[in-house]
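Structural description and commentary
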Amino acid sequence: MRVAVIGAGVAGLTCAYRLTQRGHVCDVYERWPGLGGQAATIDVGGGHLLERYYHHLFTSDRHIAALYEELGMPDELEWRPSSVAFFLEGRSWPFTSPVDLLRFRPLSLASRIRMGAAVLRLQRGGDDVAPFEGIAAREWIRSAMGAEAYAKVWGPLLRGKFGDRADDISMAWLWGKLTMRRKLQGKESRQELLGYPRRSWEPLFGALRDAIEAGGGRVLIDRPVKRLSAGFELEFGAPGSFRSGHDPRVFDAAGRERYEAVVATVPNDVFRGMLDLELPRDYLQRLDSIEYHTALCLLLELDRSFTPFYWTNIADPELPFVGVIEHTNLIPPERYDGRRFLYVANYLAPGHELLSLDAEAVIARYEPGLRRINPAFDRSWIKARWLHREPAAQPIVTVGYGDRIPPLQTGVPNLILANTTQIYPEDRGTNYAVRLGGDAADALIAG
Ligand SMILES: Cc1cc2nc3c(=O)[nH]c(=O)nc-3n(C[C@H](O)[C@H](O)[C@H](O)COP(=O)(O)OP(=O)(O)OC[C@H]3O[C@@H](n4cnc5c(N)ncnc54)[C@H](O)[C@@H]3O)c2cc1C
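To keep things clear, this report deals only with the structure shown in the data block. (Residues numbered from 1 in each chain as written. Predicted model: local features only at pLDDT ≥ 70, side-chain atom pairs only at ≥ 80, totals over all residues. Heavy atoms only, no water.)

The next thing to look at is a nonpolar patch on the surface. A cluster of nonpolar residues, Leu-102, Leu-109 and Ile-113, forms a patch on the protein surface that exposes about 280 Å² of accessible area. For Leu-102, the position within the fold is in helix 3 (residues 98–102). (Patch = residues over 30% accessible without salt bridge, like charges linked within 9 Å, V, L, I, M, F, W, Y side chains within 5 Å. Areas by Shrake-Rupley, 256 points an atom, 1.4 Å probe, with all protein chains shown as cover. Salt bridge = Lys/Arg side-chain N within 4 Å of Asp/Glu carboxyl O. Helix = DSSP H or I, 4+ residues; strand = E, 2+ residues; numbered from the N terminus.)

Spelled out as structure tokens, the structure:
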């Protein structure tokens, strides 16, 4: 078959690669002038690439590790000890090992013990998500760990990721986070190991592109899909269309091609915007029922280290961001000729006022908060800055989400949709995008 794959993120590239392996010829259309989607890199100068959004892997991420092996790049992934902290009540509390939980004074000792015991119980409780699907994380945590643990730890974390929808988030999502990523037993019990590819995520995208092209396909960056019509006639937008936003309807048309099958890996609303063919009503309702929050991510190059930790969760609601991720506390600065990089993370509801600000204005808003974490922080530490926004960064996984997920098969023969809304109950990530890309190829071939 001649297949159009829409989106050159991890799912789209993996899907096209899997189809190529089975003798199909794929053209991959990508809106952005680069590969990798949410895991795309930027050139930070000096010959170094860095992801626009902080990225690492967990040791449980076996699908992407297997892909690296398969592509002949097994040495690309390096595993390094992580360090995590919680910023709460005016200071950063280390939160790397179970012992740190016992020392976490913002919670009473009884709450600490109860929380640790509840996490262990979850991790030992088997791999069936069903008991957690019908209950909100808030209810479950308050009953299993106590109101204090929700108020001081889990509530702020959920609010950080899901804003005012925090109280509605399904326990299934939190169960996935707590049980799948790392066990509090065995060799990782004292310090978690995180993976990062030696030369950023970019070589993986390049290897997938080469394999797709070797099979006769094309990987077309800066060529967004504008419209998808009956008979799989695909209209693509003019170069530079990405400058006018994400809605395919506003792109200027630049040409058309016809395909025998289409796999779309774009967010639900983008998919909706390009559809010029009939899909079953129930399917469209599922697409429309899922909301996303936007990631607003500030990447700073600093002239010195900001925290002693790789990952700091912000549990203080006064601070206007949700996490501080010091990349060069996971990957040594020597890898970047001594340069240091810090991401300041945020997830915001669409239309939030911070989303309309430029990098300088965001820094001005974040500065007092950054100083709360490190009182010595000064703007003069900042040597360079980059600001990125990802509108469909985080599907809002409320109670009953599992029943609303759109299937891969759209109801139109040979039209598949595969995007982050279908990653469940796991938290979306590049590992699951690899799995999803393979599943999308299978779904297309199965018909
Ligand atoms: C802030 C943040 C931090 C993250 N941290 C991690 C992490 O630490 N580890 C991890 O594994 N994962 C992490 N992720 C998640 C991970 O990046 C995603 O789950 C994964 O990359 C999704 O891949 P995808 O291919 O499904 O979707 P996407 O990457 O969203 O790919 C969709 C592609 O479609 C393209 N597109 C959009 N419109 C059009 C159009 N009209 N025509 C053609 N193409 C179009 C997009 O440009 C994009 O390239 C993070 C994500 C964010 C936002």
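Spatially, the 7 strands line up as an open sheet ordered 8-7-17-18-19-16-20, and their pairing is mixed. The open sheet has two free edges, formed respectively by strand 8 (91–94) and strand 20 (382–395), since each of these has just one partner strand. The sheet shows a mean angle of 20° between the axes of neighbouring strands, taken without regard to direction. Relative to strand 17 (residues 311–314), strand 7 (residues 84–88) runs parallel, the two sharing 4 bridges. Opposite Phe-87, over in strand 17, you have Ile-314 as the bridge partner. (Pairing = 2+ DSSP bridges. Axes fitted to C-alpha atoms, helices over the stretch in contact; angles between N-to-C directions.)

Our focus in this paragraph is the packing of aromatic side chains. Inspection of every chain in the model, using the stated rule, returns 20 aromatic pairs. For the pair Trp-93 and Phe-104, a centre-to-centre distance of 5.9 Å together with 75° between the ring planes defines the contact as edge-to-face. Of the two residues, Trp-93 sits in strand 8 while Phe-104 sits in the loop between helix 3 and helix 4 (109–124), which places them 11 residues apart along the sequence. By relative accessible area, which is 0% here, Phe-104 ends up buried. Here the guanidinium or amino end of Arg-52 rests over the ring plane of Trp-32, the centre of that ring lying 4.7 Å away. A cation over an aromatic ring shows up here: Arg-91 above the ring of Trp-93, its NZ or CZ 3.6 Å from the ring centre. (Phe/Tyr/Trp six-rings, centres within 6.5 Å; stacked < 30°, edge-to-face > 60°. Buried < 20%, exposed > 50% of the residue type's maximum accessible area, 1.4 Å probe, protein only. Lys NZ or Arg CZ within 6 Å of the ring centre and 35° of its normal.)

Time to look at helix 2 (residues 62–70). Among the residues making up helix 2, those that are buried are Ile-64, Leu-67 and Tyr-68. Down the axis of helix 2, the smallest arc covering the buried residues is 100°, so these residues share one side. The exposed set on the far side of helix 2, more than 90 degrees from its buried face, consists of Arg-62 and Glu-69. Residues of helix 2 that are buried make contact with helix 1 (10–21), strand 5 (57–58), strand 6 (77–81), strand 9 (193–197), helix 9 (202–214) and helix 14 (430–446). Following helix 2 by one or two positions, Gly-72 adopts a phi angle in the positive range, close to 75°. (Arc of directions from axis to C-beta. Contact = heavy atoms within 4.5 Å.)

Let us now look at the pairing of strand 14 (residues 261–264). Neither face of strand 14 is left uncovered, since the one carrying Ala-261 and Val-263 and the one carrying Val-262 and Ala-264 both have all their residues buried. Note: strand 1 (residues 2–6) against strand 14, 4 bridges, orientation parallel. Counterpart to Ile-6 in the pairing with strand 14 is Ala-264. Here strand 14 pairs with strand 21 (residues 415–417) via 3 bridges, running parallel. Considered in strand 21, the bridge of Val-262 is made with Leu-415.

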